[in-house]
Structure formats: structure tokens, C-alpha cells
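Chains, contacts and geometry: an overview
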2 protein chains.
Amino acid sequence: MSAKQGNCKNKAILLICDGLGDRPSVGGRTPLQAADTTNMDKISEEGINGLMDVISPGIVPGSDTAHLSLFGYDPHTYYPGRGVFEALGADMQLHKGEVAFRANFATVDEKMRVVDRRAGRNGSKELASVLNGLEIDGIEIALKNTTEHRCALVMKGENISKYVSDVDTHEAGSIVQECKPLKEGEAALRTAAIVNEFVRMSHELLNEHPVNEARRQKGELPANIILLRGAGSYEVVTPIKERFGFSTACVAGASLYKGVAKYLGMDIIPVEGATGKADTNLNNKAEATLQSLEDHEFVFVHVKDTDNKGHDGNFEGKRNMISRIDKELVARLKDADAYIVITGDHSTPVPLKRHSSDPVPIVIKGEGIRKDNVKKFDEISAASGGLNRIRGLDLMLTIADFIGYYKMYGT
Amino acid sequence: MSAKQGNCKNKAILLICDGLGDRPSVGGRTPLQAADTTNMDKISEEGINGLMDVISPGIVPGSDTAHLSLFGYDPHTYYPGRGVFEALGADMQLHKGEVAFRANFATVDEKMRVVDRRAGRNGSKELASVLNGLEIDGIEIALKNTTEHRCALVMKGENISKYVSDVDTHEAGSIVQECKPLKEGEAALRTAAIVNEFVRMSHELLNEHPVNEARRQKGELPANIILLRGAGSYEVVTPIKERFGFSTACVAGASLYKGVAKYLGMDIIPVEGATGKADTNLNNKAEATLQSLEDHEFVFVHVKDTDNKGHDGNFEGKRNMISRIDKELVARLKDADAYIVITGDHSTPVPLKRHSSDPVPIVIKGEGIRKDNVKKFDEISAASGGLNRIRGLDLMLTIADFIGYYKMYGT
């Protein structure tokens, strides 16, 4: 391969297994240690390995801030709030200053107590259309149902703010929270009032809607309210191509990741059967990645379900998903004529059922790499690799230099 | 040696092999791995090893920004532009606000097309004296020929700016570029106009000069124009002794490094035969280092040619130069009664023929060091050393603490 080094430009694949990192639990091993990772291990053996603090040591990243950091955008500067990514990932239009929210169809009882935060994971395009286009205090509301109970909501108009609290309490059994301004001033106060009015109206308009009456008849939970969280305010950022000089594509199923990618100006590659869940079609993702590589220098591939299984505390599920990724995705990608980088966006340890600050393992394979002595891709082996311990924010510059898109600082 | 620890102060030698870091290529090894490094390896075995990002991971350092960082001056704050170092290294006087450039004698044809950016590497003190002292728009121009085709130029006067583009295109065959302002405002506009007029005048005054007529007669390239680049604006910085508390000396051949050292207030030690090239006299440098150590706490020794060989893509040349450094320089320095630190300012991998962001190996040997298990001084072995992966900006403080010039932060 050494013939290609030099001034010739190269390509790169960045595979992010969401929530990949873990802690030793069943049998004293992590799910990654326990999984069948023949292909990942081969990459580790031929590559350079290490640990990565995606934001910084001790910081527990969310998936959104983690991905910003991985793409070289410091979330302390560039994080617009989750709602923006949800709306972009749902293919909704956003303009500067508009405020976006993650929204859920939920079920409440007559006392506005939350019976199910996800309305039995059962959303409805018809119910969403009842609320879409409402106007409250001069602000137009756009609502879109994406998958299952999930929706994105955009407030269109002037003098509104992302600094408002969540209505979604994350806990069943409690009363629907009132939205409160989180900053002084007219905009936050007004936005909180609009949110509260919208939530009230959503219950009023949905509760006795025929769709919900039919559900009740079948013994299903009604989707009789919309709960909002993760307010974000859209800002235009310098596109990733302008930052680093090369074209980028995103191969992902879950909308949050497509939203982050769209926010940064990546090309979003549609992949049939990419669901962001356990049933995702990894073969199609492999195919889409290899095809995207033909007209992009950099392809970001995302697999969500490793994180879901961590949240569920499901060791076997996480282990099996990793084995599937190895067999169905990595096996196909590993011989591409490109640098390959495999890592996670954060740890979601099975024993914790939540994100943690434990650094994630990372491997980079490609021409000219300073191969180290690591032979297994896992959290423990990676610690003695040649990369030592790096930060997420430094990854894109490192990849850019490997693929020949560097800028010298000084002379 | 341990008896000396405690309150007694010590000394340190910092040996920088320019562009030392590399990637595995010939025989799967780096030039440093392939070189005969008996003495460096001994130091690795007795010392603490690691990798160093001279600026930060993924950043490709220039030699000037790299050295600022290594001496504890963050280049993001302290980088004045290359011209300043060139002028200081050429022993020219500089005052606050004056603008300095790196300059080359070059050869152009009658259409102002660059035939040779370096005029056959043949400069002329006589031709430089023709241009030295010119006044354009009230600004006095000082020009000095240093080695071969290389010159430094200083503009003396008020209301001038470093924010102007390079005239030197770095490519033979193209037409001489016009200098353009890189910032709004009078100063940059005026400076660009002065540069353009100077370049025009240099051609007018040099083209038919008897020195060049004589060259043409002998079939040599005329030095018939001066090309400028790397504009810098001189600022006074806190001297390194004031920053760290100890006296410092610089043993270097190439003028850029002497310029950086002078900018920071180091004592520049003249060394006969120190050329910054392959023919440099390493024995004299060793001698100068050991002598300087008698009346300085810290001696910076610089060897340039490892970088040149990387730029040339010359694996054997780089390997052999490293072997020479080991035998002629390190062998002499290794038993000095001082800490010894060996590293590079950046990587210049042979397969790339350019600087890269790959971290450099570093070793520190001296009393009280936490000796690790590394036994070879190279990019791969260093990765498992006790220093792990550090940053250039942290090196001087680390050395300062080892030699007893620390300041406690807090109580």
C-alpha cells in the first residue's frame, strides 16, 4: 500500500457504534470483549489503537454533543440543543432563530398524570396532522411524527427562545410538568407560555379524537398528549466541507444522527432498512457506505442498537449486536481502499443502563499507520495502544491529515 | 546521582532533531527504528519515554510554531509570523511594529515567469547591498543575504502591516504573484503596494547588474529578483528567563531556529561549522553544548538535516543522519551532569515528504526520573512509555520542575 502515500489523497470510513464502551460485568468481561469480533480484531492488529474521551475525561456525553465533538465541532460552542437535530433528522425546514423540540406522543389520565411517556410506542401521522399548523400567540407550530411515538416540533417566528424547561419529565406516574423560562427576558417567558398552551391544546384536540377512541376500544393506550423536551435554536454553522476540505456522507438509521450530519452539511444517504434499531439492515448499510465512498472522501456510518442494549441493561443483546456489526458490516468494510476508524460516541455500560464518561476504544487502520502491538479491539486492550488517550475533538483533524487534507500551521 | 535531588538546582539539555518523527516505510520501519541509535536507546532505557503532540493532536506544525510551543509559548498567542524569526536569525535589528519577511533571490525570465525560486541556490551579498537601504513611500527597506539564496527583509516605519500575501508562489513556472492585503484597512493596503514596488525595483536594479551579466556569461542563472513571503510583525515578548527563571542558550545552525531563540531572549552560541545542513559539524555542536552548560541552566541544541531528508523523501539519508546524531552528538552529551531530553519539533515522514501531525517520540533522562520499561528510542516503543502522550506546550514546565525551577500553584 505504501505506493499511495505521499501527496495522493485518500479516503476514510468512520464507523460509530453508539454507546459501544462498557465496563466489565458478566464473566468479568465487557460486551465488546465477549463478542465475536474477528474482523474488528484484525483491524486492531493491523492498526493503531487507543482510548478516546469523546468530550473530555469525566464528562458524560449525550449522543448529540458526542457526535458534534467527533466531527470536530466543540459542543461547548456549537451545540444548538437537541430539538434542532430531531427536526433536521425528520427532514423539517429550519431557519435561523427558529426553536425546535423533540416531542413524544404520550398517554395521560384525566388528572394529567403520565400513564405512558410513549403512548405504547404508538404514534400517529393523522393525530400529528391535527396539531400541525396551529398558531399560538403569532407563532406557527410545525409538528411531524417520525417513527413510533417520536415527533419533532418547530416554532416559527420571531422573539422566541430555546431557554425553556422540558415538559417531558422522563418518569411515568408524575403530573405533566409546566414549561418554565430558564433565562430572564421576554423571549423565554413567551416561549414557555406557548409551550404550555400547545401541550394543553394537544390534550384537548387529541383526547377524544376518533383515532384515540378506536384505540381505547381495542384496549390500546390513547396518544392523547404531546410532551416536549430538548428545546434548541437553529444557527447556521460553517459546513464540515469548508472546515476540513473534503466531502462527507452520512449512513445512519436513527434521525438524531442524520440531524447532526445535516446540521454540519453532510450528504445524507438514504438506506433501505436502516432503522436505528435491532432489526436494522447492516448489509444495506455496508453497501451504502461502499457506494458513498465512490463520490465522497469521508463516510460516517452509524449503528444505534449497541446503545439501546446498554440502556436496557442487556449484556447478551449488546454482545450479539456487536458480533452482528462485526460480521455483517465490518467484514464488508475492512478491505475498502480507505482508512477505517472504529469507535463509539460514548460508553453505555450494561451495569449502569445509562451513558458514562468511561473512554471508548478506538482503532485506525490504513497506509502509513504506526501499527502497535494491540491484537484485540476492546476497552482494555486499546489502553496499551499507540494512540494512547486522545480526545474526540482531535479526531477529525487526525483523519484529515491521514487522508491528505491537512493545513500546516506556521512554516 | 540521587544525592543531588532535593533543593539543589540542576541543568538540562534539550536536543531537537528537526522533523524526527516518521511513519513505517522501508522494511516496515521508520528511519529512527532503522538507524543505529545505541546512545539514544541507552537514554531511553534509563529514562522515561512517551509521545508528544507538539501543538495538539491532528495539527500539522510548522517548524516555527512548533519551536514556540516547545519553549512554552503558545503559538496561537505568540506567533509573530516567520519573517520575524528570519530577520532575527540573520542578526538584523527589529523594533516593535516593524514588518519582516523571508526573502529569496530568484530567477525570472523576461515575462516575469519564475525559472528558479532559488536562483540556482546562489545568492550575492553584493546584489543585496544594491537593494539594502531603498526607501519606498517613506518606508526604509533593510535586506540581508544570509546563506545561499536566502535573505531576510525588514520594513522600517509606521503604519505597516503583516497582513499581506506571499509573492513567492512556491512553484516554478508561474508568473510572479502580486502581493495583496489580507485585512481591510490602510496599513495592509499600503504594505502590499510597497512590497509590489520593491519586487518590481529589485528586478529593475538586479537584472542587468554586472554580477548577473557575469553569471549569464558563465551559463549560470541570474539572481534577478527578490521574492518575499512569511510577513511577520515584531512584538516584544516576556523573555524565557523571566517566564521560567533559568538562563538558556541556543546551539543551532539554521537561522530560523536562532531567530526563534533570539525572539524569546535565549543566548545564541556561535558554532563554527554549524550549517543547518547535512555537512553540519556535530562535534562542534556537542562541544558548544557542553561549554554552554557551564554558564547556562538550559541548552537547546538543534539539528536541522533530519527534516531536510524527510522533505526529500530520502529514507537512507534520514536514517544515516540520525545515526550520525547518535554517534557524534548524543554520545558526547549523554554523560553530561544534566537532564537530557531528546525529541523532534514535528514529524516529516519520508513517504509524505511534508510535515505531518503524527506525534514525536520523546525521552527524558535524569535523576529521580520514573524510569519505564521502554528500551528503544523510536515512535512505536515510545508509545508504551511512562510519559504517555503529552503536549509540546507542557514540556518546558516539566523540565523546569525537574531542574528545580518550579512555581507552586496554590499552597
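Residues numbered from 1 in each chain as written. Chains lettered and ligands numbered in written order. Predicted model: local features only at pLDDT ≥ 70, side-chain atom pairs only at ≥ 80, totals over all residues. Heavy atoms only, no water.

**Overview of the side chain of S323 of chain B**
Residues and elements named next belong to chain B. As a reminder of what qualifies: In this text, helices come from DSSP runs of H or I with a minimum length of four residues, and strands from runs of E with a minimum of two, each type numbered from the N-terminal end. Only protein chains enter the accessibility calculation, which uses a 1.4 Å probe; a residue is then buried when its area is under 20% of its type maximum, exposed when over 50%, and partly exposed in between. Pairing of N or O atoms within 3.5 Å defines a polar contact, subject to two protein rules: one partner must be a possible hydrogen donor and the other a possible acceptor, and residues neighboring in sequence count only if both atoms are side-chain atoms. Here, two residues are considered to be in contact whenever any of their heavy atoms come within 4.5 Å of each other.
Mapped onto the fold, S323 is located in helix α13 (residues 315-333). Owing to a relative accessible area of 18%, S323 belongs among the buried residues under this scheme. Looking at S323, its side chain comes within polar contact range of the main-chain nitrogen of D36, at 3.0 Å. The residues contacting S323, other than those within four sequence positions of it, are A35 and D36.

**Brief notes about the domain arrangement of chain A**
Residue and element names in this part refer to chain A. Selection rule: Boundary definitions for the domains trace back to an automatic or database domain assignment. Buried area counts how much accessible surface, traced with a 1.4 Å probe, disappears from two parts once they are put together, with both parts' losses summed. Salt bridge, as used here, is a side-chain nitrogen of Lys or Arg placed within 4 Å of a carboxyl oxygen of Asp or Glu.
Assigned domains of chain A: these are domain 1 (2-79 + 238-402) and domain 2 (85-233). Each of domain 1 and domain 2 has a C-alpha centre, and the two are 32 Å apart. Across the boundary between the two partners, domain 1 contributes eleven residues, which contact seven residues of domain 2. Counting the surface domain 1 buries against domain 2, the share from its top three residues, S255, L256 and K262, is 49%. Across the contact surface, domain 1 and domain 2 share two salt bridges.

**Quick look at the relation of the copies chain A and chain B**
For clarity, the cut-off: To superpose the copies, least squares is applied to the C-alpha atoms of every residue with a pLDDT of at least 70 in both.
With an RMSD of 0.2 Å, the fit of chain A onto chain B corresponds to turning through 124° and sliding 0.2 Å along the axis. As the rotation angle and translation indicate, the two copies are arranged about a three-fold axis. Interface residue correspondence from chain A to chain B reaches only 4%, placing this contact among heterologous pairings that use different surfaces.

**Examining the pairing of strand β12 (residues 298-303) of chain B**
All names here are of chain B. Quick note on the threshold: Any two strands are treated as partners once DSSP identifies two or more bridges connecting them.
Of all six residues in β12, six are buried; the element is thus mostly enclosed. Both faces of β12 are covered, namely the face carrying F298, F300 and H302 and the face carrying V299, V301 and V303. Where strand β1 (residues 12-17) and β12 come together, six bridges link them in parallel fashion. Within β12, the position partnered with L15 by the bridge is V301. The sheet contact formed by strand β10 (residues 248-251) and β12 spans four bridges and is parallel. If you follow T248 over to β12, its bridge partner there is F298.

**A short note on α13 of chain B**
Residue and element names in this part refer to chain B. Heads up, the rule is: Given the number of residues in a helix, its expected span is that number minus one, multiplied by 1.5 Å. Think of it this way: the bend at a residue is just the angle between two axes, each fitted to seven residues, one set ending at that residue and the other starting at it.
Over its 19 residues, α13 runs 26 Å from end to end, which matches the ideal 27 Å to within 8%, given 1.5 Å per residue. At D326, α13 shows its maximal kink, close to 35°. All buried positions along α13 are accounted for by F315, G317, K318, M321, I322, S323, I325, D326, L329, V330 and L333. Capping the start of α13 is the job of one residue whose side-chain oxygen sits 3.4 Å from the backbone nitrogen of E316: N314.

**A closer look at the sheet that holds strand β13 (residues 339-343) of chain B**
All names here are of chain B. The condition is simple: Axis geometry follows a simple rule: fit a line to the C-alpha atoms, using only the stretch in contact for helices, then measure angles between N-to-C directions, giving values from 0 to 180 degrees.
A sheet is described by the order of its strands in space; here eight strands give the open sequence β11-β10-β12-β1-β13-β14-β2-β15, paired in mixed fashion. On the outer flanks of this sheet lie β11 (267-268) and β15 (388-391), each paired with one strand and no other. Judged from the three bridges that link them, β13 and strand β14 (residues 360-365) form a sheet pairing that is antiparallel. Along β14, the bridge assignment pairs V341 with I364. The sheet strands contacting helix α2 (residues 38-46) are β2 (48-53), β13 and β14, and the helix crosses β14 at an angle near 65°.

**Let's talk about empty space enclosed by the protein**
Gaps left between atoms show up when a probe the size of a water molecule is rolled over them. For clarity, the threshold we go by: The definitions used throughout rest on a 1 Å grid laid over the protein atoms alone, on which a cavity is an enclosed set of points accommodating a 1.4 Å probe that cannot get out and a pocket is an open set flanked by protein within 12 Å on both sides along at least five of seven lines; lining residues are those having an atom within 4 Å of a point. Grid points are joined across faces, edges and corners, and a volume is the space filled by probe spheres set on the points. Note that Gly is not counted as nonpolar here; it falls among the polar residues with everything else outside the nonpolar set of Ala, Val, Leu, Ile, Met, Phe, Trp, Tyr, Cys and Pro and the charged set of Asp, Glu, Lys and Arg.
Overall, the coordinates contain four cavities of 30 Å³ or more when judged by the stated rule. Computed from the structure, the largest cavity encloses a volume of approximately 150 Å³. Here the residues of the lining of the largest cavity are counted per class, giving seven nonpolar, four polar and three charged.

**Considerations on the interface of chain A and chain B**
Contact with chain A, which involves 26 residues of that partner, is made by 34 residues of chain B. Together, the buried faces of chain A and chain B total about 2,400 Å²; carbon and sulfur atoms form 48% of this surface. Looking only at chain A, the three residues that lose the most surface to chain B are R370, Y409 and T411 of chain A, adding up to 35% of its buried area. Connecting chain A to chain B are two salt bridges. Measuring nitrogen to oxygen at the nearest pair gives 2.8 Å for the salt bridge that ties R354 of chain B to D401 of chain A. Connecting chain A to chain B are 15 residue pairs in polar contact (both at pLDDT 80 or more).

**Notes on the layout of surface pockets**
All names here are of chain A. The calculated volume of the second largest pocket comes to roughly 1,400 Å³. If you trace the second largest pocket, you find 45 residues lining it, with R82, E86, R102, R150 and K304 closest to the centre. For the lining of the second largest pocket, the secondary-structure elements that each account for two or more residues are α3 (63-70), α5 (82-89), β8 (225-233), α10 (255-263) and α12 (305-311). If one sorts the elements of the lining of the second largest pocket by residue count, α10 sits on top with five residues. Within the lining of the second largest pocket, the residues separate by chemical class into ten nonpolar, 14 polar and 21 charged. No fewer than three residues from each of domain 1 (2-79 + 238-402) and domain 2 (85-233) sit in the lining of the second largest pocket.

**Topic: α3 of chain A**
All names here are of chain A. Burial analysis of α3 places eight of its eight residues in the buried class, which makes it a mostly covered element. Regarding α3, the residues found buried are S63, D64, T65, A66, H67, L68, S69 and L70. In the segment just after α3, G72 is the residue with positive phi, at about 85°.

**A closer look at the side chain of E98 of chain A**
Residues and elements named next belong to chain A. Relative to the helices and strands, E98 resides in the loop between α5 and β3 (99-108). By relative accessible area, which is 8% here, E98 ends up buried. Within the structure, the side chain of E98 is placed 3.4 Å from the side chain of K156, a separation counted as a polar contact. Ignoring sequence-local partners within four residues, the contact set of E98 consists of Q93, V154, M155, K156, G232, S233 and Y234.

**Focus on the confidence of the model for chain A**
Test applied: Looking at any residue, its pLDDT shows the predictor's confidence there, from 0 to 100.
Overall, the prediction assigns chain A a mean pLDDT of 95, with 98% of residues at 70 or greater. Overall fold confidence (pTM) sits at 0.92, and the ipTM for the predicted complex is 0.90.

**Some thoughts on the pattern of salt bridges**
Evaluated as defined, the whole model comprises 57 salt bridges over all chains. One salt bridge connects R23 of chain B with D358 of chain B, and the closest N-O pair in it is separated by 2.9 Å. Here R23 of chain B is found in the loop between β1 and α1 (31-34), whereas its partner D358 of chain B is found in the loop between β13 and β14, with 335 residues between them in sequence. D358 of chain B carries the same exposure label as R23 of chain B, and that label is buried. In this structure, R190 of chain B and D137 of chain B form a salt bridge, with 3.0 Å as the shortest nitrogen-oxygen distance. Pair noted here: R190 of chain B is in helix α7 (residues 186-206) and D137 of chain B is in the loop between β6 (135-136) and β7 (139-145), with a separation of 53 residues, a long-range link. By relative accessible area, R190 of chain B is classed as buried at 16%. Three or more residues are tied together by salt bridges with common partners; here these are R121, E148, R150 and K277 of chain A.

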